[in-house]
Amino acid sequence: MEQEKINKLKELRNEIENEFGKDKVWFFPETDLCKGFYGTQNIIFLCLNPSKSNIPFDKKPTDLNFYSKLNELGFENAHITDLIKTKVSNKEAEKYLTDFNFMIRELKFLKKEIEIIKPKLIISLGKSKKELYENCLKDYNIPIINIKHYSLRFPRLQEKFNEDILKIKEQYSKEKRI
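Residues numbered from 1 in each chain as written. Predicted model: local features only at pLDDT ≥ 70, side-chain atom pairs only at ≥ 80, totals over all residues. Heavy atoms only, no water.

Digging into the pairing of strand β1 (residues 41-47)
Note on strand geometry: in a regular strand, side chains alternate between the two faces of the sheet.
Stage number 1. Burial analysis of β1 places seven of its seven residues in the buried class, the great majority of the element.
Stage number 2. Burial along β1 is two-sided: the residues Q41, I43, F45 and C47 and N42, I44 and L46 are all buried.
Stage number 3. In terms of strand pairing, β1 meets strand β2 (residues 78-82) through five bridges, oriented parallel. Residue pairing in the sheet places I44 in a bridge with H79 of β2. (Buried < 20%, exposed > 50% of the residue type's maximum accessible area, 1.4 Å probe, protein only. Helix = DSSP H or I, 4+ residues; strand = E, 2+ residues; numbered from the N terminus. Pairing = 2+ DSSP bridges.)

Considerations on the sheet that holds β2
To summarise the sheet geometry, strands pair through backbone hydrogen bonds and adopt either a parallel or an antiparallel arrangement.
Stage number 1. With parallel pairing, the four strands of this open sheet are ordered in space as β2-β1-β3-β4. Two strands bound the open sheet, and with one partner strand each, they are β2 and β4 (144-147). Pairwise comparison of adjacent strand axes, ignoring direction, gives a mean angle of 25° for this sheet.
Stage number 2. Across four bridges, the pairing between strand β3 (residues 121-125) and β4 is parallel. Counted as the bridge partner of S124 is N146 from β4.
Stage number 3. In the packing of helix α2 (residues 61-72) onto the sheet, contacts are made with β1, β2 and β3, and the angle to β2 comes to roughly 150°. (Axes fitted to C-alpha atoms, helices over the stretch in contact; angles between N-to-C directions. Contact = heavy atoms within 4.5 Å.)

Here's the deal with the environment of I122
Stage number 1. Its place among the elements puts I122 in strand β3.
Stage number 2. By relative accessible area, I122 is classed as buried at 1%.
Stage number 3. Between the C-alpha atom of I122 and that of L46, which follows or precedes it by 76 residues, the distance is 6.9 Å.
Stage number 4. Apart from the residues within four sequence positions on either side, I122 is in contact with I44, L46, I114, L137, I142, P143, I144 and I145.

Topic: the packing of helix α1 (residues 2-20) against helix α4 (residues 100-117)
Stage number 1. Contact geometry of α1 with α4 gives a least axis separation of 10 Å together with a crossing angle of 170°. Comparing their axes, α4 and α1 come out roughly antiparallel. Where α1 abuts α4, its residues K5, K8, L9, L12, E15, I16, E19 and F20 lie against R105, E106, K108, F109, K112, E113, I116 and I117.
Stage number 2. Class assignment for the residues of the contact of α1 with α4 results in seven nonpolar, no polar and nine charged. (Parallel < 35°, antiparallel > 145°, perpendicular 65-115°, else oblique. Nonpolar A, V, L, I, M, F, W, Y, C, P; charged D, E, K, R; others polar.)

Some words on α4
Stage number 1. Helix length check: α4, at 18 residues, gives a terminal C-alpha distance of 25 Å against a target of 26 Å (1.5 Å per residue), a fit within 8%.
Stage number 2. Within α4, the full set of buried residues consists of F102, M103, E106, L107, F109, L110, E113, I114, I116 and I117.
Stage number 3. If you follow the buried residues of α4, they end up packed against α1, β1, β2, α3 (90-96), β3 and α5 (130-136).
Stage number 4. A distance of 3.2 Å separates the backbone nitrogen of N101 from a side-chain oxygen at the start of α4, and that oxygen is part of D99.
Stage number 5. K118 sits one or two residues past α4 and shows a positive phi near 55°. (Expected span 1.5 Å × (residues − 1). Polar contact = N/O pair within 3.5 Å; in protein donor to acceptor, adjacent residues only side chain to side chain.)

Brief notes about the nonpolar core
Stage number 1. Ranked by size, the top nonpolar core spans 29 residues in total, and within it L83 and I122 carry the most contacts.
Stage number 2. Sorting the residues of this core by element identifies α1, β1 and α4 as the ones contributing at least two each.
Stage number 3. In terms of residue count, α4 provides more of this core than any other element does, eight residues in total.
Stage number 4. Formed by 21 residues, the second largest nonpolar core is a distinct cluster that contains F28, L73, I80 and L121. (Core = buried A, V, L, I, M, F, W, Y, C linked by side-chain atoms within 4.5 Å.)

In structure tokens form, the structure reads like this:
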């Protein structure tokens, strides 16, 4: 079952790369700590858009902390993705959220990910888009929880992310039993 999901995610990645251009998209990488986009656990960590940073993922302390926390809490096989698949600035991403045709295209891919993963819980990271996600994904009837984004640079905000992620572990355990 897991290999079947991985194969479907690989096919989906190819479809996304063909749609937007391989050099314009970014996916959460697989590392020793986490599977990233190829995670098949029935939980999705959903960010808004890929960073435009040129710093490699495994060289940024905030990215490493995110993967370390997920690994530590048993989410090393969680599916991690972005709503917007193309590399855009946060400002551009906010603008795109009001573009109906753009959103239809992006949601098409997110919905395919949901159909492959069949999550019990979706974790929205960053500036709350929970209402947007709930409206767009209401047919799936999946609980959506919003937490601080992992890339926060200030120690107190990083602590808040760490607290939030611990609460997710508790909520996920409850959802798994349902």
